[in-house]
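Chain and residue survey
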Amino acid sequence: MGNVINLNRFRKRAEREASAKQADANRAKFGRTKAERSAEEKRADQAKEHLDQHRIDREEQP
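The structure presented is a predicted model; accordingly, all values stated were derived computationally and were not measured.

Looking now at a nonpolar patch on the surface. On the surface, a nonpolar cluster with roughly 320 Å² of combined accessible area is contributed by Ile5, Leu7 and Phe10. Structurally, the position occupied by Leu7 is in helix H1 (residues 7-30).

A separate point is the pattern of salt bridges. For the structure on display, the rule yields five salt bridges. Of the charged contacts, one joins Arg27 and Asp24 as a salt bridge, the two residues approaching to 2.4 Å between their closest N and O atoms. Linking Arg27 with Asp24, this pair stays in helix H1, spanning three residues, or about one helical turn. Between Asp52 and Lys48 there is a salt bridge whose closest N-O contact spans 3.4 Å. Placement of the pair is Asp52 and Lys48 together in helix H2 (residues 34-53), with a separation of four residues, close to one helical turn. Its relative accessible area of 33% is what places Asp52 among the partly exposed residues. For Lys48, a relative accessible area of 52% gives the class exposed.

Scoring rules and cut-offs
Residues numbered from 1 in each chain as written. Predicted model: local features only at pLDDT ≥ 70, side-chain atom pairs only at ≥ 80, totals over all residues. Heavy atoms only, no water. Patch = residues over 30% accessible without salt bridge, like charges linked within 9 Å, V, L, I, M, F, W, Y side chains within 5 Å. Areas by Shrake-Rupley, 256 points an atom, 1.4 Å probe, with all protein chains shown as cover. Salt bridge = Lys/Arg side-chain N within 4 Å of Asp/Glu carboxyl O. Helix = DSSP H or I, 4+ residues; strand = E, 2+ residues; numbered from the N terminus. Buried < 20%, exposed > 50% of the residue type's maximum accessible area, 1.4 Å probe, protein only.

Structure, rendered in structure tokens:
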């Protein structure tokens, strides 16, 4: 017969690991300075504008 194990220990460990993973994501998302956020927003806007400039609009033929 095997040893008796406490499943709560494994459940709590999994919850702590998931919480740590979420905390890392939040640090990356919210832990930036205002300058970093504005620079990222500016880069995203420039990339969007670049894609929009290369878009080919075709008129639908009846």
